Amino acid sequence: MFHKLGRYALVATAAAALAACGGGDGGDTATSTPPARFAAEGLWTNQYGGVLVTSTGEFWGLEYVSNVGWVLYQGQASASGSNISGSGDVYYGFSKASGTVAGSFTASTATLTLSSPALGSQTVTLAKNSQYDQSPSLAGLAGTYASDGGARFILTSNGSISGSNGNCTFTGTARVSDDGKNYLRFSLNYGSGCGTLSGKSSNGVVVPVSPTTAYYGEKLNDGSLGDGGLLTKLN
């Protein structure tokens, strides 16, 4: 992906939730009730990575595992009171396994355990990152970026993406999130010089964690491989 599956980081995807509309007879006005936002929604980070949970409870999580490196957890969570739990997929290197997340949260901190039978468990303490609640702006995020795996790409103010990593070239599009939060949803198409990724397509998110850095998370459209990392905005 942006760095050919060299390292993994956490971000979260967004899923648009449509409210059910109620209809009436004889010209009654249809009404809708917005769905309740997920209680643990937000970007939760520390110096090693973090977890982002969207308004619908979808999460992507990052944690460093000794002798493995960065591991990407992606799935769906549920909340009960101040507790959170969920399950999904775990991506590390060129492997995929099942995984879970469980823990507790307050308005400002979260303590989560990320687990997989293949990798064991890692418990992390995270703080809520205010970048998630900034107004999303494609124009504000436009610029030239470098990934921690060696890729460079340009994101324009109209959402087009073009970049390369060595002989691997890729193009795509990006748009602001559907739920009014500060992250982008993107899709990429890989060229013929990208090894395992040649000719394949992916989708994912970019989530700012500071004015000049962002995490991204990405999966092939068939779900077979996942990736993530740190992006630095160069200009």
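Cut-off values and rules
- Residues numbered from 1 in each chain as written.
- Predicted model: local features only at pLDDT ≥ 70, side-chain atom pairs only at ≥ 80, totals over all residues.
- Heavy atoms only, no water.
- Helix = DSSP H or I, 4+ residues; strand = E, 2+ residues; numbered from the N terminus.
- Buried < 20%, exposed > 50% of the residue type's maximum accessible area, 1.4 Å probe, protein only.
- Contact = heavy atoms within 4.5 Å.
- Areas by Shrake-Rupley, 256 points an atom, 1.4 Å probe, with all protein chains shown as cover.
- Polar contact = N/O pair within 3.5 Å; in protein donor to acceptor, adjacent residues only side chain to side chain.
- Lys, Arg positive; Asp, Glu negative; His and termini not counted.
- Salt bridge = Lys/Arg side-chain N within 4 Å of Asp/Glu carboxyl O.
- Phe/Tyr/Trp six-rings, centres within 6.5 Å; stacked < 30°, edge-to-face > 60°.
- Pairing = 2+ DSSP bridges.
- Axes fitted to C-alpha atoms, helices over the stretch in contact; angles between N-to-C directions.

1. Considerations on the overall build of the protein
Right, on to step 1. Helix and strand content of the protein: one helix and 18 strands.
Right, on to step 2. Expressed as a percentage of its 235 residues, the buried residues of the protein come to 48%.
Right, on to step 3. Long-range contacts, defined as pairs at least 24 residues apart, comprise 46% of the intrachain contacts of the protein with a sequence gap of at least 6.
Right, on to step 4. Looking at the protein as shown, the accessible area adds up to about 10300 Å², and 49% of this sits on carbon and sulfur atoms.

2. With respect to the environment of Asn 203
Right, on to step 1. With respect to the helices, strands and loops of the structure, Asn 203 is situated in strand E16 (residues 201–208).
Right, on to step 2. In sequence terms Asn 203 and Leu 220 are 17 residues apart; their C-alpha atoms lie 6.5 Å from each other.
Right, on to step 3. Leaving out residues up to four positions away in the same chain, Asn 203 has contacts with Phe 186, Ser 187, Gly 217, Glu 218, Lys 219 and Asn 221.
Right, on to step 4. Here the side chain of Asn 203 touches Asn 221 through a polar contact of 2.8 Å, side chain to side chain.

3. Side note on the side chain of Glu 58
Right, on to step 1. Mapped onto the elements, Glu 58 comes out in strand E5 (residues 58–65).
Right, on to step 2. One buried charge, Glu 58, has no salt-bridge partner; the nearest side chain with opposite charge is Arg 185, at 6.1 Å.
Right, on to step 3. Reaching out from Glu 58, the side chain makes a polar contact with the side chain of Gln 74 at a distance of 2.9 Å.

4. Some words on the packing of aromatic side chains
Right, on to step 1. The tally for this structure, following the rule as stated, stands at three aromatic pairs.
Right, on to step 2. Both rings, one in Tyr 132 and one in Tyr 183, keep their centres 5.9 Å apart while their planes meet at 10 degrees; by these two values the pair is stacked. In this pair, Tyr 132 sits in the loop between strand E10 (120–129) and helix H1 (138–141) while Tyr 183 sits in the loop between strand E14 (168–176) and strand E15 (184–190), placing the two residues 51 residues apart along the sequence. Here Tyr 132 and Tyr 183 have matching classes, each one buried.
Right, on to step 3. Note on Phe 170 and Tyr 190: the rings are 5.9 Å apart at their centroids and 55 degrees apart in plane angle, and the pair reads as tilted. Here Tyr 190 lies in strand E15 and Phe 170 lies in strand E14, a separation of 20 residues in the sequence.
Right, on to step 4. Its relative accessible area of 1% is what places Phe 170 among the buried residues.

5. Observations regarding the sheet that holds strand E8 (residues 95–105)
Right, on to step 1. Taken in spatial order, the eight strands line up as E3-E4-E5-E6-E7-E8-E9-E10 and close into a barrel, and their pairing is antiparallel. For this sheet, the mean angle separating the axes of adjacent strands, direction not counted, is 30 degrees.
Right, on to step 2. One ladder, built from three bridges, connects strand E4 (residues 49–53) with E5; its direction is antiparallel. If you follow Val 51 over to E5, its bridge partner there is Gly 61.

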